Each structure stands twice: as C-alpha cells, then as structure tokens.
Amino acid sequence: MTEQAIQPLRVGVVGLGFAGTTHTRAYQQVPGVEVIGLAGLEADRLAQMGEEFSIPHLYAQWEDLLARDDLDVVSVCTPNFLHAPIAIAALQGGRHVLCEKPLARTAADAEAMVEAAKAAGRVLHTAFNHRARGDVATLKGFVDAGLLGRVYYAKAYWMRRNGIPGLGSWFTSKELAGGGPLIDLGVHALDQALYLMGEPEITTVSATTYAEYGPRGRGMRRVGNPKMQTGSGYEVEDLATAYMRTADGATLLLEASWMVQGSYDDDFGVTLYGSEGGAEIDVRRYGWEDTLRVFTDQAGVPVETRPASVRGRGHQAVVEQFVDAVRSDDWSAHTGQEGLNRARIVEACYASAQKGREVSLAAE
Ligand SMILES: NC(=O)c1ccc[n+]([C@@H]2O[C@H](COP(=O)([O-])OP(=O)(O)OC[C@H]3O[C@@H](n4cnc5c(N)ncnc54)[C@H](O)[C@@H]3O)[C@@H](O)[C@H]2O)c1
C-alpha cells in the first residue's frame, strides 16, 4: 500500500445534473474520500447540494473550482463539449479525472485528453456505469470461462420511445453534444458489447442516421430533470444504426434511438452469438431481474437458462474502481484508452452516415 492510499482524497465535482449528483453521492460512500468542492451554473441547486452533502467550497464556473490548489481528483459531469477542456486543465494541474461518458464529443478531443493523462502521469477514467450491471458481470464471467466459445456475432441496442432529452437543451446541439442518441445512449451499448466481447478492434463501420421526429418537436421526454438549456434547435439524429466488423472477423450491430415508434420505452440490451452458445441481456426500463438468458445445448438438446443476477452497483462501482486506480501503484494502466476507442468508433459512425458508405478505422 502506498503513502497515497492513507491520505484522504479531496474531490471536486463539476456539474449539478443527474451525473454530478450521482458522482457526489457515490464519493461520499467511499471511506477516505471527501468532496470538498462543487461547481455548476444553477445557483439554487448549487446551494442546495452544498448543504445536502456538506460541501464547503461552491463555485459557478469550473475554472474557479480548478484554481484551488488542494484538489486530488476532479469529476467531469458537464455537457459533452466541456469534457475535454475541464479534464485537460485538471490533468495538467496534476489531478486525476473521472469523466462522464462519452469521454468527448470528438475523437480529437478524446485523443488530447488521453495525451494529457499520459503527459501528466495521472488517471483518466470514463464512467461506463451500465457495464457494472449484475447481468453484465454474470455474462462476462460466462464468456471469459468459455461457455459461449468464440463470439462471432453481437447485437447491442438502446432504444427509447419519446425519449429526446429536451429540445433546446445542450443534448440536441451537434456542437455541444457531438451527436444525438448514438453518442449519448449508443456509447453505453457499444461499451457493454465490446467489454463482453473482450475488447475486439473495430476495423470498419457502416452507419446511417435519421432525424424523423426531433426536428418536428416530437418525441420529447416527459420525465426526468430539466437539462441545461442552450437555445439550439434539433441538430442531431434521433436514430442511428451501425454495422461493424472486428479485426478477428466478428460482426457487431448497434442501434440507438431517442425516438422510434416501436414497442420500446427506455430499453437496452446485448445479444452474443458464439461457437458454443449464445446469450441475451434484455433490459426494460432499467430493470435488473430476469434480464439474462443463456442458450446452449446438452447432448444435442437445446437448453435455455435464466441465470439469477444481482442488481449491480452502477456509478458506485465506477467511482470505487476509479478511486482504486488512483490509490494503485500503476496509473499508466488508466489513461482513458477505452473511452478514446469508443469515441473513435462513434465518430467513424457519424462519418460513415454523412458519407453514405463504409468507413475504415484500421491503421492504413
Ligand atoms: N452515465 C450515465 O448514466 C449518465 C447519465 C446522465 C448523464 N450522463 C453524462 O453526464 C454529463 C452531464 O449530463 P447531465 O444529464 O447531468 O446534464 P445536465 O444538463 O443536467 O447538467 C449539466 C451541468 O453542467 C454544468 N455546467 C455547464 N457549464 C458549466 C460551467 N461553465 N461551469 C460549471 N458547471 C457548468 C451545469 O450548470 C449543469 O449543472 C453528460 O456528459 C452526459 O452524457 C451520464
């Protein structure tokens, strides 16, 4: 155990929405970690969170929080366009960074963040909390134990009906968010699939995007916190589909939508087809029971099992893994590479959709 491990970690959180609140709450459950500062533009919410979580130092702007000289860790829970500037400033100031997904709105921003982490010798970690689900952990154990054999085909989706986060919020601005449901929800589904498949290299993508409902002001989400408004119109897709090839010959299909007319509410899942068996995770409205099915055969007879899973700990697990990485002896193993890989894939999907053809990600 290093000297570092016994010092309290002092954390600053930027952002007061769902993400900022969730990170703050999670840090407060970890022994030896103190959230000492918070930044966000909504004055009432800032004061309320300061009181609720007993956080002494409150700022409107992230720059003022980062100007403190006593922070060890910064959590970036802001609109996507601010991920890179805040994370890079924090890393250059010697802080470790936990960044919300997507790591960045462009691959270039994500590359700059990973470079900053390497140059500073600090931890950069992306919050892929849906990978920490119990059903994903159970299935990952089966895959790693060889139960499915070689996974050669996978499908991942996150589909909402009437789930556009808010017209005129930063979510619907291409400039501020980097895209629509693909970069927002699809990146979670992509992360789950790649994690379960053992991080195969994606070599080509062929994607299409549609904006059928958003531009007509339809499909808006009716529940949830109001998102930070920016006054932009509807500039992003409301559905994205992608076909991807991996270097080892597997196929991955991805679908992400904020609005389709279908049987969905707010649902996601992953299907894996392997040389020895298959598996499906199907999650309706963030449920966690009875979500996993595994398909094999025994003596030639098809067998379907429904393994029991626990709920999983979501952001609490993410924050604890991040704190463990910060307290470990090897920060060089945590430089944000997985977040960068996903940013490159998402960007390639948007490029493919724009060009109307397949795009290669493999080094030429
Ligand atoms: N992992 C998940 O399950 C999950 C869920 C929701 C959101 N997110 C991610 O978290 C991020 C934030 O999403 P949200 O839904 O919480 O958004 P939100 O709009 O509710 O909150 C954004 C926050 O950023 C703050 N902010 C903006 N500009 C700022 C500045 N200059 N200085 C200080 N603070 C500033 C705002 O004041 C606001 O409090 C996004 O990247 C989103 O993709 C992840």
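Only a predicted model underlies this, so the values are computations on that prediction, with no experimental measurement involved.

Peer 1: Explanation requested: the site of the ligand in the structure shown.
Peer 2: In the vicinity of the ligand, 31 residues are found, and the nearest of them are L16, E42, N80, N129 and K227. Backbone polar atom of L41 to an oxygen atom of the ligand: 2.8 Å apart, as the coordinates give it. A distance of 2.9 Å separates an oxygen atom of the ligand from a polar atom in the side chain of H83. The protein chains hide 93% of the 860 Å² of surface that the ligand would expose on its own. Class assignment of the residues belonging to the shell around the ligand gives a composition of 16 nonpolar, 11 polar and 4 charged. Both domains that furnish three or more residues to the shell around the ligand are identified here as domain 1 (3-129 + 316-334) and domain 2 (134-311).

Peer 1: Honestly, the sheet that holds strand β13 (residues 292-298) in this entry has me stumped. Any pointers?
Peer 2: Within a sheet, neighbouring strands are paired by backbone hydrogen bonds and run either parallel or antiparallel to one another. Strands sit in the order β14-β13-β12-β11-β7-β10-β9-β8-β15 across an open sheet of 9 strands; the sheet is mixed. The sheet is open, and its two borders are formed by β14 (301-305) and β15 (359-360), each paired with just one other strand. Where strand β7 (residues 151-160) and strand β10 (residues 251-257) come together, 7 bridges link them in parallel fashion. Considered in β10, the bridge of M159 is made with S257.

Peer 1: What's the story with helix α3 (residues 43-52) in this structure? I'm lost.
Peer 2: Each full turn of the α-helix corresponds to 3.6 residues, which orients residues three or four apart in the same direction. Where α3 is concerned, the buried positions are L46, M49 and G50. Within α3, the buried residues cover an arc of 105 degrees as seen down the axis, which keeps them to one side. For α3, the exposed residues set more than 90 degrees away from the buried face come down to D44 and E51. Those residues of α3 that are buried are in contact with α2 (18-27), β2 (33-39) and β3 (57-59). Once α3 ends, the next one or two residues include S54, with phi positive near 50 degrees.

Peer 1: In this structure, what is going on with unusual backbone geometry? I would like to understand it.
Peer 2: With the exception of glycine, the majority of residues adopt a negative phi angle, and the majority of peptide bonds are in the trans configuration. In this structure, the amide linkage connecting K101 to the following residue, P102, adopts the cis form with an omega of -15 degrees. As for its placement among the helices and strands, P102 is situated in the loop between β5 (96-100) and α6 (107-120). At S54, a position not held by glycine, the phi torsion is positive, near 50 degrees. Its location among the elements puts S54 in the loop between α3 and β3. Look at S54 and you get exposed, because its relative accessible area is 61%. The backbone phi angle of Y286 is positive, close to 65 degrees, even though this residue is not glycine. Looking at the secondary structure, you find Y286 in the loop between β12 (278-284) and β13.

Peer 1: Any chance you could explain the nonpolar core here in plain terms?
Peer 2: What tends to happen in soluble globular proteins is that the nonpolar side chains get buried as a cluster. Ranked by internal contacts, the top residues of the largest apolar core, which has 53 residues, are L139, M244, L252 and L272. Sort the elements by how many residues they give to this core and helix α9 (residues 181-197) lands first, with 10 residues. Once residues lying within four places of it in the same chain are set aside, the contact partners of L252 are A154, K155, A156, L190, A193, L194, I202, A242, Y243 and M244.

Peer 1: What should I look at first to understand helix α7 (residues 134-144) in this one?
Peer 2: Turning to α7, its buried residues number three or more, namely G134, D135, V136, T138, L139, K140 and V143. For α7, the elements touching its buried residues are α9, β11 (266-274), β12 and β13. Following α7 by one or two positions, G146 has its phi on the positive side, about 85 degrees.

Peer 1: Which parts of the structure should I look at to understand the pattern of salt bridges?
Peer 2: Side chains that carry opposite charge are capable of pairing whenever their charged atoms lie near each other. According to the stated counting rule, one finds 23 salt bridges in the structure shown. Residues E52 and R25 are paired through a salt bridge, measuring 3.7 Å at the closest nitrogen-oxygen approach. Note that E52 is positioned in helix α3 and R25 in helix α2, a separation of 27 residues in sequence. On the basis of relative accessible area, E52 is assigned to the partly exposed category, the value being 43%. Close ionic contact of D184 with K101 constitutes a salt bridge, the shortest N to O distance being 2.9 Å. One end of the pair, D184, is in helix α9; the other, K101, is in the loop between β5 and α6, with 83 residues separating them in the sequence. Judged by its relative accessible area of 12%, K101 falls in the buried class. Taken together, the shared-partner salt bridges in this structure form one network comprising R131, D191, E199, E338 and R342.

Definitions and cut-offs
- Residues numbered from 1 in each chain as written.
- Predicted model: local features only at pLDDT ≥ 70, side-chain atom pairs only at ≥ 80, totals over all residues.
- Heavy atoms only, no water.
- Near = heavy atom within 4 Å.
- Polar contact = N/O pair within 3.5 Å; in protein donor to acceptor, adjacent residues only side chain to side chain.
- Areas by Shrake-Rupley, 256 points an atom, 1.4 Å probe, with all protein chains shown as cover.
- Nonpolar A, V, L, I, M, F, W, Y, C, P; charged D, E, K, R; others polar.
- Domains from an automatic or database assignment.
- Pairing = 2+ DSSP bridges.
- Helix = DSSP H or I, 4+ residues; strand = E, 2+ residues; numbered from the N terminus.
- Buried < 20%, exposed > 50% of the residue type's maximum accessible area, 1.4 Å probe, protein only.
- Arc of directions from axis to C-beta.
- Contact = heavy atoms within 4.5 Å.
- Core = buried A, V, L, I, M, F, W, Y, C linked by side-chain atoms within 4.5 Å.
- Salt bridge = Lys/Arg side-chain N within 4 Å of Asp/Glu carboxyl O.

It is worth stressing that arrangement in space is one thing and function is another; only the former is reported here.
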